[in-house]
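Below are the chains, spelled out letter by letter.
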Amino acid sequence: MFSAVSLLAFVTLALNVVANPVVIDRSPILSIPLTKIHNITSGHNLVASGLARAQNFKDRAKAHDLAAVKKRQAEPVINEVVSYIASVGVGASDTQYQLIVDTGSSNTWVGAGTKYVASSTSTDTGDRVSVSYGSGEFSGTEYIDKVTLSSALVITSQSIGVASSSEGFEGTDGIIGIGPDTLTEDTVSGVSTVPTVTDNLFSQGTIAEKVVAISFEPTTTDEVTNGELFFGGTDSSKFTGAITYTTKSGDYWGITQTVTYGSTTIQSSLSGIVDTGTTLLYLEETGFNKYIKATGATLDNATGLYKITTAQYNALENLVFTIGGTEFSLTPNAQIWPRSLNTAIGGSASSIYLVVADLGADEAGFDFIDGYVFLERFYSVFDTTNSRVGFATTSFTTATTN
C-alpha cells in the first residue's frame, strides 16, 4: 500500500547547498506517467533538429538582452527525435491528449492531432495564440478549460491554446509547458503572460510549492512508459542520495556548469539551459572541439553525429559536469547513442555514435543545452518557488543499456 502524503516545509537554500525540497513518500496522486517515443521520419537529421530548436533559444536570448529588439515568441518546442509524452485530459468529458512534456516552453496547447471539442467547461476568450518553435509552430485561439493530469491533479481553469494550424508535431497532440511563466510573454493577444499548469496547481491549492520533478530512464526501445512527472515536490523513490541545487538564471531553466573530460577542461563556469525537449547534449564549439579531440571521434555524414571505434569507446573517460559544487558524471555508456536504435537515425548498426553535438559559437552566454541524454541519467527538479534547479543521481546513472 502507498503511504500517506506528507508535505514538509521548505527551507530556502543558498547556491551550492545540498538538500531536499518537499520530499513526498511515493504516491500516485501527485504524479503522471511519461511515455518515451521516437519521432523518426525519413531524412530526419538528429543534430539539425536540435540546432533549429537551439537557434530559437538564442534568438530569444539576444532579443531579451538587447531590449531594443521586440521579443520573439518564446516557446521553442519542435518535433524532436526523443519526446516524453503525458496523457492529459481536457474538458468536461476528460478527452485525452498526448502532449509533449517540455521544460523549454510554458504554454499548454492541443489540437495538433486529436481535435479539440468545446464542452460545458470551455470558455473561448477570443484571444489569438501563436508560437514559433524553431522548426515548428502552431497558431489558434485561447480557451480556458478544465485540465486533468490525474485524479488529484485537476485544474479548473487553465489557459490552453487550441490549434487551428500546427507544424512539426506529427504523432502528438500538442505541448504541456512546464517552463517559467515568463516564456508565455507575447504568445496570447491582449495579455502579458498566462499562468502555467504549475502556477495554477499552486494557486488553486492542489500543491504546496511550485515544484516539478522529472524522472527519466535510459532505454533501447522505440516506445516505452518509463518516466514520471511529479508536481509539488520530489518522489524519494526515484533518486539516490541528496539533491544538489543551483540558482536558476535567465528566462529558461538556466544554470552554470563546468565540464571536464579526464584532465581536460571542456567548459569552465559557463551558462546554458536544461531542456527536456532537446534530444542531445550540445556544447559551444570551443568546448565541443576539445571533447572531440580528446575522444578521437570523426564526423558521420549520414547522421550528423560523431562516431568512435570500439577501441576508442573502451578508452572513453567520464564526462563530468560540476553543478552547484557537485560532480555529475556521464559514464562512457551514457555518452553514446543506444546502439539498438542506430538504424532508426540513419546510422550503421555496427557503429558507435557520441551524443554530444556542436552548438556553434557562443551567443548571449548560451554555451550549452543539457538535453534528454543528460537528463535520463539524473533526477531533475524545477523549483519556481525558490528559483532553482536541482539534480540527483538515480539507479540508472551508471546503467549500461546503450
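Data block above holds the structure.
Residues numbered from 1 in each chain as written. Predicted model: local features only at pLDDT ≥ 70, side-chain atom pairs only at ≥ 80, totals over all residues. Heavy atoms only, no water.

**Q** Describe the overall build of the protein, naming the residues involved and giving the relevant values.
**A** What the protein contains, in helices and strands, is 5 helices and 25 strands. Looking at the protein as a whole, 56% of its 402 residues qualify as buried. Restricting to contacts in the protein with at least 6 residues of sequence separation, those with at least 24 account for 70%. Element-wise, carbon and sulfur atoms account for 51% of the exposed surface of the protein, whose accessible area totals about 14,600 Å². (Helix = DSSP H or I, 4+ residues; strand = E, 2+ residues; numbered from the N terminus. Buried < 20%, exposed > 50% of the residue type's maximum accessible area, 1.4 Å probe, protein only. Contact = heavy atoms within 4.5 Å. Areas by Shrake-Rupley, 256 points an atom, 1.4 Å probe, with all protein chains shown as cover.)

**Q** Go over the environment of Gln204 with me, naming the residues and quoting the values.
**A** For Gln204, the location among the structural elements is in the loop between α2 (197-203) and β10 (211-215). According to the relative accessible area criterion, Gln204 is partly exposed, its value standing at 31%. The spacing of Gln204 and Val154 is 50 residues in sequence and 9.3 Å in space, taken between C-alpha atoms. Discounting residues that sit within four places of it in the chain, Gln204 has contacts with Val154, Ile155, Thr156 and Ser157. Side-chain polar atoms of Gln204 contact the backbone nitrogen of Thr156, separated by 3.0 Å. (Polar contact = N/O pair within 3.5 Å; in protein donor to acceptor, adjacent residues only side chain to side chain.)

**Q** Which residues make up the sheet that holds strand β21 (residues 352-353), and what values do they have?
**A** Taken in spatial order, the 3 strands line up as β17-β18-β21 in an open sheet, and their pairing is antiparallel. This sheet does not close on itself; its edge strands, each paired only once, are β17 (298-299) and β21. Pairing of strand β18 (residues 306-308) with β21 involves 2 bridges; the strand directions are antiparallel. Opposite Ile308, over in β21, you have Ile352 as the bridge partner. (Pairing = 2+ DSSP bridges.)

**Q** Give me the lowdown on the pattern of salt bridges, citing residues and values where you can.
**A** Taken as a whole and assessed by the stated rule, the structure comprises 5 salt bridges. The closest approach of N and O atoms between Lys307 and Asp300, which form a salt bridge, is 3.7 Å. Look at Lys307 and you get partly exposed, because its relative accessible area is 29%. Residue classification places Asp300 among the buried positions, given a relative accessible area of 10%. Note that Arg388 and Asp383 form a salt bridge whose closest N and O atoms lie 2.7 Å from each other. For Arg388, a relative accessible area of 3% puts it in the buried group. (Salt bridge = Lys/Arg side-chain N within 4 Å of Asp/Glu carboxyl O.)

**Q** Could you give me a rundown of helix α3 (residues 285-295), with the residues and numbers involved?
**A** Burial in α3 covers these residues: Gly287, Phe288, Tyr291, Ile292 and Thr295. Projected onto a plane normal to the axis of α3, the buried residues spread over an arc of 135 degrees and lie on a single side. Two or three places before Thr286, at the opening of α3, Glu284 has a side-chain oxygen 3.0 Å from that residue's backbone nitrogen. One or two residues past the end of α3 sits Gly296, with phi positive at roughly 80 degrees. (Arc of directions from axis to C-beta.)

**Q** Kindly report on the sheet that holds strand β16 (residues 281-284), identifying the contributing residues and their values.
**A** The 7 strands are arranged β20-β19-β14-β15-β23-β16-β22 in an open sheet whose pairing can be described as mixed. In this open sheet, the two strands that pair with only one neighbour each are β20 (326-330) and β22 (356-360). Between one strand axis and the next, the sheet turns through 35 degrees on average, direction left out of account. Across 7 bridges, the pairing between strand β14 (residues 254-261) and strand β15 (residues 264-274) is antiparallel. The residue bridging Val259 from the neighbouring strand is Gln267, located in β15. (Axes fitted to C-alpha atoms, helices over the stretch in contact; angles between N-to-C directions.)

**Q** How would you sum up the environment of Ser268? Please name residues and give values.
**A** Position of Ser268 among the secondary structure elements: in strand β15. Classification of Ser268 by relative accessible area gives partly exposed; the value is 47%. Considering only alpha carbons, one finds Ser268 and Gly287, 19 residues apart in sequence, at a separation of 9.1 Å. When sequence neighbours within four positions are dropped, the list of residues in contact with Ser268 reads Gln257 and Thr258.

**Q** Give a description of the pairing of strand β8 (residues 153-167) that names residues and reports values.
**A** Pairing geometry for strand β5 (residues 109-110) and β8, over 2 bridges, is parallel. Across the sheet, the residue bridging to Val110 is Val162, located in β8. Pairing between strand β7 (residues 137-150) and β8: 12 bridges, direction antiparallel. Note that in β8 the partner of Val147 across the bridge is Ile155. If you look at the hairpin formed by β7 and β8, you'll find 2 residues sitting between the two strands.

**Q** Explain the pairing of strand β9 (residues 174-177) residue by residue, including any values.
**A** The alternating pattern of β9 places Gly174 and Ile176 and Ile175 and Gly177 on opposite faces, both of which are buried. Bridge analysis of strand β4 (residues 95-102) against β9 gives 4 bridges, and the strand direction is parallel. Considered in β9, the bridge of Ile100 is made with Ile175. Bridge analysis of β5 against β9 gives 2 bridges, and the strand direction is antiparallel. Each bridged residue has a counterpart across the sheet, and for Val110 the counterpart in β9 is Gly174.

**Q** An account of the packing of aromatic side chains is requested, with residue identities and associated values reported.
**A** Going through the model one piece at a time under the given rule, you end up with 17 aromatic pairs. Ring geometry for Tyr116 against Tyr143: centres 5.0 Å apart, planes inclined by 55 degrees, an arrangement best described as tilted. Note that Tyr116 is positioned in the loop between β5 and β6 (123-132) and Tyr143 in strand β7, a separation of 27 residues in sequence. Using a relative accessible area of 14% as the deciding quantity, one classes Tyr116 as buried. The buried category is assigned to Tyr143, whose relative accessible area is 16%. (Phe/Tyr/Trp six-rings, centres within 6.5 Å; stacked < 30°, edge-to-face > 60°.)

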